[in-house]
Amino acid sequence: MSTLAAPTQTEPEAEHHDGDLPVVRARHPWRWVTAAIALVLVAQFGHGLITNPGWDWGTFAQYVTAKSVLSALKVTLELTFWGTLLGFFLGVWLAVGRLSKNPVLQAISWSYVWAFRSIPLIVQLLFWFNLAYLYKSLSLGIPFGPEFARFQTNGVISGFTAAVIGLALHQAAYSAEIIRAGIISVDEGQWEAARSLGLPWRRQFFTIVAPQAMRGILPNAANEVISLFKGTSIVSTMAIAELFYQVQVIYGRNGRVVPLLMVATVWYILLTSVLSVIQFYIERHFSKGRRSKAGDRR
């Protein structure tokens, strides 16, 4: 006697997996609405730049490469260069003092950073610019001992020198913290590995620790340089013929405020972009090891 077996379901019909369900992307219509509004606003702004006569692009073209403007731009670059160079040089030693086990060096470095980060930059600049009110002359010699030479303060510290001193000392306080943070971000195991190889301290630091610390130092350091470049406009209060001061002088004569401000704006944007490109390539250089490890994992 034969029996009939109940029909069985095939495997695809019997089992249902979550992976077989169709995936429907979530719709976000408000994102597109926001993007459309942003594009309209950008288009309106661009249209205004072209059609609004108040921008006075003829005057802008006349002065953007004027000799006086380019000369003032050179002063701005010089202030940025010396402020950065001296600021980071002093910042390295301040960072070393903060990381030192000597409590005196720690206290001096911490006090310096605390003081110069607390005082506004414009106050520091005006202090150095008016240093002759406190000290009519400066001398070189042994502390509390004989003098070797004496100079009149106004003859030694010009307006440009006072600006460089103020910018450098201000920059040193911030760069010290950037450098210190980069050094302590390196894993302690790296120091231990370097010591286990019997390397002298200098080689430990410059060949193993410093390249790794640079990955954390460079982005913040580059931002500080860009900030200093724009911050040089503050020295216009000291009547130093940098870019912003020169622009003020010109529009004070001809009354064309907006196009002259655009002259300064375009130069600031252009040179900041150049600094950003330099930052990109330097960061890429110091991240070679990290990129190669990521490639090996893939």
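Residues numbered from 1 in each chain as written. Predicted model: local features only at pLDDT ≥ 70, side-chain atom pairs only at ≥ 80, totals over all residues. Heavy atoms only, no water.

Sorry if this is basic, but what is going on with the pairing of strand 2 (residues 147-152) here?
For a regular strand, side chains alternate in direction, first toward one face of the sheet and then toward the other. As paired strands, strand 1 (residues 137-141) and strand 2 are joined by 5 bridges and run antiparallel to one another. The partner of Leu140 across the bridge, within strand 2, is Ala149. Adjacent in sequence and paired antiparallel, strand 1 and strand 2 are bridged by 5 residues, among which Phe144 carries a positive phi angle near 60 degrees. (Pairing = 2+ DSSP bridges. Helix = DSSP H or I, 4+ residues; strand = E, 2+ residues; numbered from the N terminus.)

Which parts of the structure should I look at to understand the side chain of Thr84?
Here Thr84 shows up in helix 4 (residues 67-99). Excluding anything up to four places from it in sequence, Thr84 contacts Val225 and Leu228. (Contact = heavy atoms within 4.5 Å.)

Help me understand the packing of aromatic side chains in this model?
The description of an aromatic ring pair uses the distance of the two centres, along with the angle that the planes make with each other. Per the counting criterion, the structure on display carries 8 aromatic pairs. With a centroid separation of 5.2 Å and an interplanar angle of 80 degrees, the aromatic rings of Phe280 and Tyr281 are classed as edge-to-face. Looking at Phe280, the relative accessible area reads 45%, which means it is partly exposed. Overall, Tyr281 belongs to the partly exposed group, its relative accessible area being 48%. (Phe/Tyr/Trp six-rings, centres within 6.5 Å; stacked < 30°, edge-to-face > 60°. Buried < 20%, exposed > 50% of the residue type's maximum accessible area, 1.4 Å probe, protein only.)

How should the layout of surface pockets be read in this particular structure?
One water molecule sets the probe size; rolling that probe over the atoms shows where empty space is left. For the largest pocket, the calculated volume is near 950 Å³. Put simply, the parts of the chain that give the lining of the largest pocket at least two residues each are helix 4, helix 8 (159-184), helix 9 (188-196), helix 10 (201-231) and helix 12 (257-286). Here the lining of the largest pocket takes 12 residues from helix 10, the largest share from any one element. Here the lining of the largest pocket is composed, by residue class, of 25 nonpolar, 2 polar and 2 charged. Taken together, Leu77, Thr80, Phe81, Thr84, Leu85, Val225, Phe229, Leu271, Val274, Leu275 and Ile278 form the lining of the second largest pocket. When residues of the lining of the second largest pocket are traced back to their parent elements, those giving at least two are helix 4, helix 10 and helix 12. At 5 residues, the largest contribution of residues to the lining of the second largest pocket is made by helix 4. (1 Å grid on protein atoms, 1.4 Å probe; cavity = no way out; pocket = protein on both sides within 12 Å on 5 of 7 lines; lining within 4 Å. Points joined across faces, edges and corners; volume = space filled by probe spheres on them. Nonpolar A, V, L, I, M, F, W, Y, C, P; charged D, E, K, R; others polar.)

Would you mind going over unusual backbone geometry with me for this structure?
Phi is mostly negative for residues that are not glycine, and the peptide bonds are mostly trans. Within the chain, Asp56 stands out as a residue other than glycine whose phi angle is a positive 50 degrees. Examined against the element boundaries, Asp56 turns out to sit in the loop between helix 2 (29-51) and helix 3 (57-63). Using a relative accessible area of 19% as the deciding quantity, one classes Asp56 as buried. Of note in this structure, Ala239 is not a glycine but carries a positive phi near 60 degrees. By the secondary structure assignment, Ala239 is in the loop between helix 10 and helix 11 (243-254).

Shape is all these values report; function is a separate question.
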